[in-house]
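Structure assessment
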Amino acid sequence: MATFGTLSDRLTETFRNLRTKGKLTPADVDGTVREIRRALLDADVALPVVKDFTASVRERALGDEVNKALNPAQQVVQIVNEELVGILGGQQRRLQFAKNPPTVIMLAGLQGSGKTTFAGKLAKQLEKEGHTPLLVAADLQRPNAVNQLQVVAQQAGATIFAPEPGNGVGDPVKVAKAGVEHARRQQHDVVIIDTAGRLGVDAELMKQASNIRKATDPDEVLFVIDAMIGQDAVNTAKAFQEGVDFTGVVLSKLDGDARGGAALSVASVTGRPIIYASTGEGLDDLEPFHPDRMASRILDLGDILTLIEQAQSAFDEEEAMKVAEKLATSTFTLEDFLEQMQQMKKMGSMKKMLGMLPGMGSMKQQMENFDEREIDRTEAIIRSMTIAERRNPKLLNGSRRLRIARGSGMTVTDVNALVQRFDQAAKMMKTMARGGVPNIPGMGPVPGAGRPGASSKRGKQQKAKGSRSGNPAKRAAENAGIAASAPAAPTGSGFGLGGAKGAAPSEADLAELQKMLGRG
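Residues numbered from 1 in each chain as written. Predicted model: local features only at pLDDT ≥ 70, side-chain atom pairs only at ≥ 80, totals over all residues. Heavy atoms only, no water.

1. A closer look at the packing of aromatic side chains
Counted under the stated rule, the structure contains three aromatic pairs. Relative to Phe246, the ring of Phe223 lies with its centre 4.9 Å away and its plane at 20°, an arrangement referred to as stacked. In this pair, Phe223 sits in strand β5 (residues 220-226) while Phe246 sits in the loop between α10 (232-243) and β6 (248-252), placing the two residues 23 residues apart along the sequence. The residues Phe223 and Phe246 share a single accessibility class, namely buried. An aromatic cluster of at least three residues, connected via ring pairs, comprises Phe223, Phe240 and Phe246. (Phe/Tyr/Trp six-rings, centres within 6.5 Å; stacked < 30°, edge-to-face > 60°. Helix = DSSP H or I, 4+ residues; strand = E, 2+ residues; numbered from the N terminus. Buried < 20%, exposed > 50% of the residue type's maximum accessible area, 1.4 Å probe, protein only.)

2. Description of helix α3 (residues 47-61)
Taking 1.5 Å of rise per residue, 15 residues should cover 21 Å, and α3 covers 21 Å from first to last C-alpha, within 8% of that figure. Looking at α3, one finds that the buried residues are Val49, Val50, Phe53, Thr54, Val57 and Ala61. Viewed along the axis of α3, the buried residues span an arc of 115°, placing them on a single side of the element. Every exposed residue of α3 that faces more than 90 degrees away from the buried side is listed here: Pro48, Lys51, Asp52 and Glu59. (Expected span 1.5 Å × (residues − 1). Arc of directions from axis to C-beta.)

3. Side note on the sheet that holds strand β3 (residues 159-161)
Adjacent strands of a sheet pair through backbone hydrogen bonds, lying either parallel or antiparallel. Pairing within the open sheet is mixed, and its eight strands lie in the order β3-β2-β4-β1-β5-β6-β7-β8. With one partner strand each, in any of the chains shown, β3 and β8 (286-288) form the two edges of the open sheet. Strand after strand, the sheet turns through a mean of 25° between neighbouring axes, direction not considered. Both β6 and strand β7 (residues 274-278) contribute to a ladder of three bridges, which runs parallel. Bridging from a neighbouring strand, Val250 pairs with Tyr276 of β7. Across the face of the sheet, helix α7 (residues 145-156) comes into contact with β2 (133-137), β3 and β4 (190-194) while running at roughly 165° to β2. Across the sheet, helix α9 (residues 203-216) lies against β1 (103-108), β4 and β5, angled at about 180° from β1, the strand it touches most. (Pairing = 2+ DSSP bridges. Axes fitted to C-alpha atoms, helices over the stretch in contact; angles between N-to-C directions. Contact = heavy atoms within 4.5 Å.)

Next comes the structure, spelled out in structure tokens:
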């Protein structure tokens with residue numbers, strides 16, 4: 001995650017130095033804690049939070065749980081991970097829905113924090129979960145705020161209630177109250193109220209937000225905070241807590257490149273959980289916040305669970321079974337390949353997915369060089385083919401490849417490379433689907449993974465390849481050299497039975513083999 005990239009790098013480097021030590025002395029622990037403190041302060045984490053965090057890590061690192069551990073360095077990483085989960089809120093907290101609909105969700109925060117965009121993201125996610133959300137345009141202060149919410153609602157496919165034009169016209173408290181009544185009449189089960197923000201905290205803002213809360217009695221008040229605003233995040237959060245008393249936090253713009261550590265302080269300082277994290281500009285770039293998973297990402301331990309969840313939501317299980325069957329029967333075509341690529345694109349950015357794998361923090365340069373548009377180029381080439389060509393790539397002669405290259409805006413070399421990669425991938429997947437071990441390009445065949453009898457055939461071929469020299473003395477010398485360099489005959493027998501060369505398996509060995517095969 002880009003926002004915590006610098007913090008992640010610093011902590012990873014600290015632990016890398018720690019792993020070289022077999023046993024940790026108090027000086028080692030103090031040095032590690034000092035580096036952690038510097039990393040957190042450089043990342044804009046609030047000073048009181050840093051003090052509590054490092055004190056707790058030091059106390060536990062010098063305790064018995066590390067002294068008695070088989071791998072003290074790994075134990076310290078675990079302690080830091082647990083403490084990081086603690087300052088991020090501990091347990092995940094989901095939205096609380098009202099027993100009697102509609103559930104009213106009020107959004108609060110400064111201007112530019114991303115409230116309006118989050119409103120659309122939340123509406124879209126709730127619709128996927130089977131809810132019928134209504135967006136209420138109660139931000140009547142900011143220029144064109146109502147228009148922006150209308151555009152976002154249209155993109156999200158959500159219903160909007162906007163009786164006032166905004167731009168300083170209308171009473172936001174009346175609009176919010178009327179919006180809840182409208183939702184009740186139209187049987188919307190969730191109401192999302194987008195309120196006004198300011199460039200800074202002021203009395204008028206707090207009074208307006210407080211009045212909307214009193215008028216609508218929301219089930220959730222979500223404080224949307226920009227993850228890039230620095231140390232002021234803590235002061236802003238405290239002001240909103242005193243003025244509006246929010247129930248949960250939303251971190252926006254986590255895809256930015258700012259240090260972002262102040263956002264880590266919000267849950268700890270306010271005692272309110274982080275419920276959502278906004279990870280991009282798209283309406284699908286919204287994740288439920290999991291403190292344990294976020295801590296793992298920061299420590300470069302990966303986030304496999306989120307990756308699996310995204311894959312499950314993007315891929316159709318029935319389609320996956322069909323593809324597996326096609327691979328096993330050698331009927332996988334470029335048309336199927338195109339469908340698989342489209343499903344992968346539903347999962348979002350490839351860089352983001354790669355970043356969820358453990359240890360990818362050390363491969364930042366390679367990830368930065370990864371071109372997301374390569375998938376689009378591949379898709380353009382396949383779409384420029386006819387259906388017959390997609391289903392049977394053998395039809396692709398020179399003139400057809402030239403036509404495809406021109407139609408996709410690519411070169412013939414690009415088309416050739418795609419067809420070659422597809423052939424290699426199809427062969428590899430076919431081998432794996434049949435339970436074999438693939439011959440990985442650039443690595444050669446896997447030792448011992450050949451087909452039964454292949455080694456004996458090779459042996460016969462090698463045996464037949466005797467010297468063909470016309471000089472009898474030279475021919476004899478060359479044949480002797482070939483025999484000396486030939487691989488030794490394997491000793492023992494199959495299944496690990498037998499030991500000495502030429503020794504037959506004993507009766508006990510045969511009985512054990514029959515038992516393994518279920519014939520005993």
